[in-house]
Amino acid sequence: LRQAELREAYTLLVQADHGGHDTDHGTDRPEDMLIPWILNGVRVKRGHALQGQVRMVDTPVTIAHLLGLDAPAVWEGAVVAEAFEPLFSA
């Protein structure tokens with residue numbers, strides 16, 4: 001995609017479904033609670049490490065936002081706005 005100069009034509013999100021340590025998961029240990037959440041593409045800040053917390057329920061709301069859709073009111077998450085470039089420069 002980079003070689004085809006299609007960066008502005010796609011957005012890629014990579015995440016795990018849960019953390020884990022050794023062969024176990026489900027504790028309050030950081031290894032169990034933290035997962036990778038990697039976003040790249042249209043309007044995404046380049047090289048930015050998120051400072052705020054991202055919850056699993058934020059992912060579908062963020063994907064809906066990327067697709068230009070309103071998330072249903074029953075969804076609990078919020079758009080991970082910190083990951084995106086502002087629409088307008090001040």
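Just above, that's the structure.
Just so it is clear, the model here is predicted, and its values are computed rather than measured.

Student: Which residues make up the overall build of the protein, and what values do they have?
Tutor: Looking only at helices and strands, the protein features two helices and two strands. Each helix (α) and strand (β) of the protein, taken in turn from the N terminus, gives the series β-α-β-α. Long-range pairs, those at least 24 residues apart, make up 51% of the contacts in the protein with a sequence separation of at least 6.

Student: Explain the nonpolar core residue by residue, including any values.
Tutor: Generally speaking, a soluble globular protein has its nonpolar side chains buried in company with each other. Of all hydrophobic cores here, the largest spans six residues; its members are Trp37, Leu39, Val44, Val80, Ala83 and Phe84. In this view, leucine 39 contacts Thr11, Leu12, Leu13, Val44, Leu66, Ala83 and Phe84; residues no more than four positions away in its chain are not counted.

Student: Describe the environment of tryptophan 37, with residues and values.
Tutor: Relative to the elements of secondary structure, tryptophan 37 occurs in strand β2 (residues 37-41). By relative accessible area, tryptophan 37 is classed as buried at 13%. Contact partners of tryptophan 37, with chain neighbours within four places excluded, come to Leu13, Val14, Gln15, Leu50, Val54, Thr59, Thr62, Val80 and Ala83. Looking at tryptophan 37, its side chain comes within polar contact range of the side chain of glutamine 15, at 3.2 Å. For tryptophan 37, the side chain forms a polar contact with the side chain of threonine 59, separated by 2.9 Å.

Parameters and conventions
Within each chain, residues carry numbers counting from 1 in the order of the written sequence. Whole-chain, interface and lining totals are the exception, using all residues; otherwise, since this is a predicted model, local features are given only for residues with pLDDT of at least 70 and side-chain atom pairs are given and counted only at 80 or more. Based on all heavy atoms of the structure, the side-chain values leave hydrogens and waters out of the count. Only runs of H or I of at least four residues qualify as helices and only runs of E of at least two qualify as strands under DSSP, and these elements are numbered from the N terminus. Residues are treated as being in contact if the distance between any of their heavy atoms lies within 4.5 Å. Nonpolar cores are built from buried Ala, Val, Leu, Ile, Met, Phe, Trp, Tyr and Cys residues. Side-chain atoms within 4.5 Å join them into one set. A 1.4 Å probe rolled over the protein chains alone gives each residue an accessible area, and that area as a share of the maximum for its type sets the label: buried under 20%, exposed over 50%, partly exposed in between. We define a polar contact as two N or O atoms separated by no more than 3.5 Å, with the added condition that, inside protein, one atom must be a possible hydrogen donor and the other a possible acceptor, whereas residues neighbouring each other in sequence contribute only through side-chain atom pairs.

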